[in-house]
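# Survey of secondary and tertiary structure
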Amino acid sequence: MSTKHEKILQYIESLPVGDKISVRQIAKEMQVSEGTAYRAIKEAENRRLVSSIERVGTIRIEKKKKENIERLTFAEIVNIVDGQVLGGKTGLHKTLTKFVIGAMQLEDMMRYTDAGSLLIVGNRIRAHENALRAGAAVLITGGFDTTEDNKQLADSLDLPIISTSYDTFTVATMINRAIYDQLIKKDILFIEDIYVPMTDTSVLRNDEMIHHFHKLNERTTHGAFPVVTMNNKLVGMVTVKDVIGREEDELIEKVMTKNPIAGSMKMSVASAGHRMIWEGIDLLPIVNDDNVLQGVISRQDVLKALQLAQRQPQHGETIDDLVKNEMKVLGDEDLIVEFKVTPQMTNQYGAISYGAFTTLLAEVGSFALKRRKRGDAVAENMTIYFIKPVQMESTLTVKPRILDMSRKFVKMDFEVFNQQVLVGKAMMMFQLLER
């Protein structure tokens, strides 16, 4: 049975793309409180079903698949550039295929401008009109306006005219940055990408008995099952260990682990894996905001997904990628890593930032463990004893040393040198990911 929250989200998803949505309208339509309607609209915004724009309102936009997440809607462009919509509000839900910078003669500009484009241009009234007639939207930079005729044309063609106070270069940079951020998000694996859905998940009900567990165990050969109520709300987990030595007619509710650890669809696979290993669990139930079971993921699913992700080509570069690119491995016996401090890795004083420094140590530590055939590891904690300012363009030498190693944990010491001068010393604890 769906909750009010889920019903509202389903209703929003069923609305035609381009429809305007308001808290009052949803509350009236679905007969819920305005607070419930507001929370559902916020969730729809997180799921990229709608976009809220100042002075325009909330509109239903196209839900983009992960493959083409780099395509933006005009509604998202308005929010990125703090824009004002001068005309064509009804076309804000459309996605743009490319943007064209109008820094050339009118005829030349029009050769590049076609349907689905966004022309970024200053106060060139004729260019605004020609772009609209070619099927393109217009983004006017420098805070300029356009004519009433152009606004009416935009309304009749459902093509937005947006005005922003930023200059053309800044606007192009901001849009590029937004696309780039989305490419990075596309590379991150979330539970929704790998989970086993409810239709394929074996579950037990809290009013069933232990003999039901044995039947399900024989049929599926699984050793753990989520326990749910009649409404599919997660109330527990039951494993083979819980039922050993128990009577066949005992209730599952009596032996299960209550309030089990659960994950959500938007949790990253990496953090789910870390949680499962830390808590020593092999099966993680996945729930929604109302604690209704959506499916499960196993430890094998997580490790397989993480290993696959490491082999995928990356599009957007994160801080981790920048640090890895500057690392050079030296030494065969004792591992030594050489590292160049680039301008992107510095703080406001031009010295290496704490973020880049800690990322460097974590990467060197992970590499050292892989070399020892200890597989993948995650940093559990870090203590930096001291760090001296290291200027950009400096070349650092990092020497890791394993102090202690058990089946699950590794304690490692790091010394960082800049031309034989000790500039940093730290200790880290890593948790080994079991295969």
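See the structure above.
Just so you know, these numbers come straight off a predicted model, no measurement behind them. (Residues numbered from 1 in each chain as written. Predicted model: local features only at pLDDT ≥ 70, side-chain atom pairs only at ≥ 80, totals over all residues. Heavy atoms only, no water.)

### Focus: the packing of aromatic side chains
By the definition in use, this model includes 1 aromatic pair. Here the guanidinium or amino end of K266 rests over the ring plane of F190, the centre of that ring lying 5.9 Å away. Over the face of the ring belonging to F417 we find K399, whose NZ or CZ atom lies 4.9 Å from the ring centre. (Phe/Tyr/Trp six-rings, centres within 6.5 Å; stacked < 30°, edge-to-face > 60°. Lys NZ or Arg CZ within 6 Å of the ring centre and 35° of its normal.)

### Quick look at the environment of L360
Here L360 is to be found in helix α16 (residues 354-371). The exposure class assigned to L360 is buried, which follows from its relative accessible area of 0%. Separated by 54 residues in sequence, L360 and L306 have C-alpha atoms that sit 20 Å apart. In contact with L360, not counting residues within four places along its chain, are V323, M327, F339, L396 and V398. (Helix = DSSP H or I, 4+ residues; strand = E, 2+ residues; numbered from the N terminus. Buried < 20%, exposed > 50% of the residue type's maximum accessible area, 1.4 Å probe, protein only. Contact = heavy atoms within 4.5 Å.)

### Observations regarding the sheet that holds strand β17 (residues 336-340)
Consider a sheet: its strands pair through backbone hydrogen bonds, and that pairing is either parallel or antiparallel. Spatial ordering of the open sheet is given by β16-β17-β19-β20-β21-β18, a layout of 6 strands whose pairing is antiparallel. Of all strands in the sheet, those with a lone pairing partner are β16 (327-330) and β18 (377-387), marking the two edges. Averaged over all pairs of adjacent strands, the angle between strand axes in this sheet comes to 25 degrees, irrespective of strand direction. The sheet contact formed by β18 and strand β21 (residues 421-432) spans 9 bridges and is antiparallel. Within β21, the residue paired with A377 across the bridge is L432. Along the sheet face, helix α13 (residues 269-279) touches β18, β20 (409-418) and β21 and points at about 70 degrees away from the line of β21. (Pairing = 2+ DSSP bridges. Axes fitted to C-alpha atoms, helices over the stretch in contact; angles between N-to-C directions.)

### Quick look at the pattern of salt bridges
Counted according to the given criterion, the structure contains 16 salt bridges. Each of R401, D413, E415 and K425 takes part in one network of salt bridges that share partners. (Salt bridge = Lys/Arg side-chain N within 4 Å of Asp/Glu carboxyl O.)

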